[in-house]
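Observations on the three-dimensional arrangement
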Amino acid sequence: MGRTRQAPGGGRVVEVEPDRLERWFTRFTERNDGVLDTRLGAEEVVVRAGDGTVATVAVPFPPLASTGTRSGLDVAPLVAHATAPRRLGLLLVRLGGHSVGITERGRVLRSRTDRHLVHGRSAAGGWSQQRFARRRAGQARQALRAAAADALEVLGPALSELDAVVLGGDRRALDELREDPKLAPVFALARPGVLDVGEPRRAVLDEAAARAVAVEIVLRDP
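Because the structure is predicted, anything quoted here is derived from the model rather than measured. (Residues numbered from 1 in each chain as written. Predicted model: local features only at pLDDT ≥ 70, side-chain atom pairs only at ≥ 80, totals over all residues. Heavy atoms only, no water.)

**Looking at the pattern of salt bridges**
Here is the rule we go by: A side-chain nitrogen of Lys or Arg and a carboxyl oxygen of Asp or Glu constitute a salt bridge if their distance falls within 4 Å. Under the DSSP-based scheme used, a helix requires at least four consecutive residues in state H or I and a strand at least two consecutive residues in state E, with every element numbered from the N terminus. Residue burial is assigned from relative accessible area. The probe radius is 1.4 Å, only protein chains are included, and a residue is buried under 20% of its type maximum, exposed over 50%, and partly exposed in between.
Under the definition given, this model contains 16 salt bridges. With a shortest N-O distance of 3.1 Å, R112 and E153 are connected by a salt bridge. One end of the pair, R112, is in strand β9 (residues 107–115); the other, E153, is in helix α3 (residues 126–155), with 41 residues separating them in the sequence. Among the ionic pairs, K182 bridges to D180, the shortest N-O distance being 3.4 Å. Judged by relative accessible area, which is 54%, K182 ranks as exposed. Among the charged side chains, a salt-bridge network with shared partners connects R5, E15, R211 and E216.

Structure below.
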């Protein structure tokens, strides 16, 4: 995995699969004139290269147990932490559908995906527009009820086995689900942030399962 995006404030964010993390840092060392030091923190790891490039890692599923500043490259504690097996719940929701799953090591073990018809906005005015808006609101409520039911059925019985729940999709739809008291135990395990995903389908769920355990590295040049 080498998914890259622009980082807020400059630089770029790279998502790296845990199994490739050690090799990624070996290449980082080769490309950037070695590594001066590695600062291992509970929630953040900072690697400073010889040419001034800085790689900052948000520790996945913190805290990192082994901390301190080491001379040169020393990401072994981070690699061990990132590759540890974790069972996660995934909840991807948009008004047009949802996908719920249980994953381990980036692979889906159990899932349910469903799609729903929710019409877009109407260009008509007057009573026609109001009737359309009421119908669309009804469709959206039905879609969210279906998402809540599947989240409870798939994730509910497994909550005691999950290390965390990873959210994805539309923030507004997720916020509405968060207001459902029956889903409070699910959202209590939710990790910060929301994965940016397309219309939830099984293929999108598979991709999200891999991204949920990916390590995010922010690269900033000197």
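**Some details on the layout of surface pockets**
Sizing a probe to match a water molecule and rolling it over the atoms shows the empty space that remains. Stated formally: Cavities and pockets were defined on a 1 Å grid built over protein atoms only: a cavity is a set of grid points that admits a 1.4 Å probe from which the probe cannot escape, a pocket is an open set flanked by protein on both sides within 12 Å along at least five of seven lines, and lining residues are those with an atom within 4 Å of any such point. Grid points are joined across faces, edges and corners, and a volume is the space filled by probe spheres set on the points. Only Asp, Glu, Lys and Arg are considered charged, only Ala, Val, Leu, Ile, Met, Phe, Trp, Tyr, Cys and Pro nonpolar, and every remaining residue, Gly among them, polar.
Counted as a void, the largest pocket has a volume near 590 Å³. Every residue lining the largest pocket is counted, 21 residues in all, and those nearest its centre are P192, G193, L195, R211 and E216. Those elements giving two or more residues to the lining of the largest pocket turn out to be β1 (3–6), β10 (164–169), α6 (202–212) and β11 (215–220). The residue inventory of the lining of the largest pocket, partitioned by class, reads 12 nonpolar, one polar and eight charged. In this model, the second largest pocket occupies a volume close to 340 Å³. P18, D19, R105, G106 and V213 are the residues nearest the centre of the second largest pocket, which is lined by 16 residues in total. When its residues are assigned to classes, the lining of the second largest pocket shows nine nonpolar, two polar and five charged.

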